[in-house]
Amino acid sequence: MNAPRPSWNVTTSLPGLSAFVAGEELANLVDDGHDIVVLTADLSTSNRLTDFQARHSARFFNVGIAEQNMMSIGAGMAACGHQAWVSTFAAFASLLCAEHLRTDMAYPNLPVRILAHHAGISMGFYGTSHHAVEDIAVTRAIAGMTVMAPCDAATLRACVRATLDEPGPVYLRLGRGNDPDVHESNVEVQRGRFLRVREGNDVTVIATGIGVQAAVGAAERMAGDGVTVRVLDAVYLKPLDVDAIEIAARETGRILVVEEHNVIGGLGTAVAEAVAMLGVPARIAKLGIEDQYALVAPPSHLYRHYGLTADGVVDRLRGLLSA
Amino acid sequence: MSNPTLVDLPRGRSRSIAELKRRADWIRLQTIELTEIAGSGHYASTFSCAEILAMLYYHALRLKPSDPSWQDRDRFVLGKGHVAIGVYPCLADLGMLPQEWLRRYTRLGSPLGDHPDMTKVPGIDFSSGSIGHNLSVGAGMALSARLRGLDYRVFALLGDGELNEGQVWEAAMAAAHYRLGNLVAIVDANGTSLDGPVSEVMGVEPIVDKWRAFGWKVDEFDGHDISALCRWADRLPPIDSSTPSVLIARTTKGKGVSFMEADPGWHLGYLGPKDRERAVAEIEGRLA
């Protein structure tokens, strides 16, 4: 007797992973002759590296639930000349494997790419073990580590291509995979440069990840009040675009930083530090997770709760403008 | 392109066991000399693997000193990175790094630290220092050889205390899973870690059964028996075999200097002038 066919498939029914295009892009690059290998730790359906596996299975290694082993194996392969892509949840990549990122990848300056997906609180009700609101702080403090945060599919493709020839490691901080498109499909990134998303002269929002679309929504609403908001996407968290920060400070005098990260040690800290060292008078506010463990809830509910939405950004902007 | 026949130092090259024995004692003397510059060092852990290092660098590893990053070279990674002090003199002797570097060992700006840095030292295949990482790194190198169709071997030298680290077993599992017959581990089982006997600090026995259960081919013998070490290296399974190999080398911490053998406190230390004289005299007595 035949067993009944399941009507529901956990992988295909996941709420859209359309932003996770790295597997597809990397498979294209292998087709073009690039020596890329991809490793995952039992999460290939969550990060859609199955797209890569389907086309280049000989270059795909699933090491099982052993993230540290994956990091060191990837480093060993990179030491033999491959560009090695390792992938796991940002919480495990940056915290469980922080030493591997430093000692096995950055210190020997190896071409490893760390695809750290589901960063911030995007794992929602999975809870604190799966949240990563410390990873910007950890990875920026590692000498030789480039840190990027593509906020949508097109930017992820651009980041994959932009870093092809980088000799050292790159930490790519990704969201939850269903992140809406913010940039044009032909967006290009330039090392150490923010992306200018929207022009404005009254106040600047420097945002990263999920914060970028929130900032764009806020800027649209503020335009109705006659306030022009400049929006910068901090796609490079390291090296930091100090020039863009300086110009924003000079021209708008007020900067709000929006990030799905602890307000300690993240992008807000980096921007405040840059402004302070530039000596440009500017008022800075930080919108992020206030040095606490986030509640559990579906991600969209958490974003509303912590103000990482257009409404939340508008509230903070109004406060900053009246300060 | 790959052409392993154009090699300066082929596998299985040494003829004289006596010469390799002397080489191991030479490594011990060099270790004492370099520690003198640093002011402290890992004498005893290096002495326990002196025969293993002599066997690798002067017998088993296929190398091309004129091109330390030659893609067909056999790789050697240290799990126990603190024995780099015994590796540097070999690399210098083989012409992979300048002899002068040894004289400035650990001094400000020296490429040579207690733990090896692959970006600074030719012939070091991977940096080391954080115990437990490098069997995984070696597995990555062995996977790369499979992917590229290269016939180099990867050797990883681990301590028995290192087997406390969970990642070693993650790597052991993965190597068997990926059928990495081109990966070879050597456990320098000297029975002692920093705080005392491994059996008291955190027991690792039965080591042989553990590796066997993980799917490795296991050999076990006296790690100071240089002829056994050479025979073992000569009879390693072919590169394309599907089973990784491990040697449990039963060794003595501080081997070769009797008062160090008797006192496990010598893991990390400094011989004063008197003890240094005694140690050197004992080793040179054997070389005379």
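Residues numbered from 1 in each chain as written. Chains lettered and ligands numbered in written order. Predicted model: local features only at pLDDT ≥ 70, side-chain atom pairs only at ≥ 80, totals over all residues. Heavy atoms only, no water.

Engineer: If you had to explain the overall build of chain B to someone new, which residues and values would you point to?
Structural biologist: Helix and strand counts for chain B come out as 12 helices and 7 strands. A globule of 288 residues ought to have a C-alpha radius of gyration of about 19 Å, and chain B, at 18 Å, matches this closely. Dimensions of chain B along its principal axes, counting C-alpha atoms only, are 55 × 45 × 35 Å. Every one of the 288 residues in chain B was classed for burial, and the buried ones make up 59%. If you take every contact in chain B between residues at least 6 apart in sequence, the share linking residues at least 24 apart comes to 79%. (Helix = DSSP H or I, 4+ residues; strand = E, 2+ residues; numbered from the N terminus. Rg over C-alpha atoms; globule rule 2.2 N^0.38 Å. Buried < 20%, exposed > 50% of the residue type's maximum accessible area, 1.4 Å probe, protein only. Contact = heavy atoms within 4.5 Å.)

Engineer: Which residues make up the overall build of chain A, and what are the values?
Structural biologist: Helix and strand counts for chain A stand at 12 helices and 12 strands. In summary, chain A has a C-alpha radius of gyration of 20 Å against a globular reference of 20 Å for 323 residues, a match within 12%. The dimensions of chain A, computed from C-alpha atoms along their principal axes, are 65 × 50 × 35 Å. For chain A, with 323 residues in total, the buried portion stands at 58%. The contacts of chain A with a sequence gap of at least 6 include a subset with a gap of at least 24, amounting to 79%. In the form shown here, chain A has an accessible surface area of approximately 12600 Å², with 50% of it arising from carbon and sulfur atoms. Side chains of chain A give 25 positive and 35 negative charges; the mean places of these two sets differ by 3 Å. (Areas by Shrake-Rupley, 256 points an atom, 1.4 Å probe, with all protein chains shown as cover. Lys, Arg positive; Asp, Glu negative; His and termini not counted. Charge placed at Lys NZ, Arg CZ, Asp CG, Glu CD.)

Engineer: I'd love a proper account of the packing of aromatic side chains, names of residues and values included.
Structural biologist: Residues and elements named next belong to chain B. Here the structure, examined in full by the defined rule, presents 9 aromatic pairs over all chains. Geometry around Tyr 152 places Arg 75 over its ring, the cationic atom sitting 3.8 Å from the centre. Across the ring face of Phe 259, the terminal group of Arg 278 is positioned such that the distance to the ring centre comes to 4.2 Å. (Phe/Tyr/Trp six-rings, centres within 6.5 Å; stacked < 30°, edge-to-face > 60°. Lys NZ or Arg CZ within 6 Å of the ring centre and 35° of its normal.)

Engineer: Give me helix H7 (residues 166–177) of chain B: which residues, what numbers.
Structural biologist: Note: α-helices contain 3.6 residues per turn, so residues at a spacing of three or four share the same orientation. Look at H7 of chain B: 17 Å from first C-alpha to last across 12 residues, which is about the 16 Å you get at 1.5 Å a residue. Within H7 of chain B, burial applies to Gln 167, Val 168, Trp 169, Ala 171, Ala 172, Ala 174 and Ala 175 of chain B. Those residues of H7 of chain B that are buried are in contact with helix H3 (67–79) and helix H5 (98–106) of chain A together with helix H6 (134–148), strand S2 (154–159), strand S3 (183–189) and helix H9 (207–213) of chain B. Trailing H7 of chain B by a residue or two, Arg 179 of chain B shows a phi angle of about 55°, which is positive. (Expected span 1.5 Å × (residues − 1).)

Engineer: Which residues make up the layout of surface pockets, and what values go with them?
Structural biologist: Considering only enclosed or pocket space, the second largest pocket measures out at about 280 Å³ in volume. Class assignment of the residues belonging to the lining of the second largest pocket gives a composition of 1 nonpolar, 12 polar and 6 charged. (1 Å grid on protein atoms, 1.4 Å probe; cavity = no way out; pocket = protein on both sides within 12 Å on 5 of 7 lines; lining within 4 Å. Points joined across faces, edges and corners; volume = space filled by probe spheres on them. Nonpolar A, V, L, I, M, F, W, Y, C, P; charged D, E, K, R; others polar.)

Engineer: How would you summarise a nonpolar patch on the surface if you had to cite specific residues and measurements?
Structural biologist: Residue and element names in this part refer to chain A. A surface patch of nonpolar side chains, about 350 Å² in accessible area, is lined by Phe 125, Tyr 126 and Val 296. Here Val 296 lies in the loop between strand S12 (283–289) and helix H11 (299–305). Taking the relative accessible area as the measure of exposure, Val 296 reaches 54% and is therefore exposed. (Patch = residues over 30% accessible without salt bridge, like charges linked within 9 Å, V, L, I, M, F, W, Y side chains within 5 Å. Salt bridge = Lys/Arg side-chain N within 4 Å of Asp/Glu carboxyl O.)

Engineer: Lay out the environment of Leu 236 of chain B with the relevant residues and their values.
Structural biologist: Residues and elements named next belong to chain B. The residue Leu 236 is located in the loop between helix H10 (226–234) and strand S7 (245–250) in this model. By relative accessible area, which is 10% here, Leu 236 ends up buried. C-alpha separation for the pair Leu 236 and Lys 217, spaced 19 residues apart in sequence, amounts to 9.8 Å. Ignoring sequence-local partners within four residues, the contact set of Leu 236 consists of Arg 153, Phe 155, Val 184 and Ser 245.

Engineer: Provide a residue-level description of the pairing of strand S9 (residues 229–233) of chain A, including the pertinent values.
Structural biologist: All names here are of chain A. With 5 of its 5 residues buried, S9 lies for the most part within the structure. A two-sided burial pattern is seen for S9, the buried positions comprising Val 229, Val 231 and Asp 233 on one face and Arg 230 and Leu 232 on the other. Across 3 bridges, strand S7 (residues 195–198) lies against S9 in antiparallel orientation. Within S9, the position partnered with Arg 198 by the bridge is Val 231. The pairing of strand S8 (residues 203–207) with S9 spans 5 bridges and is parallel. (Pairing = 2+ DSSP bridges.)

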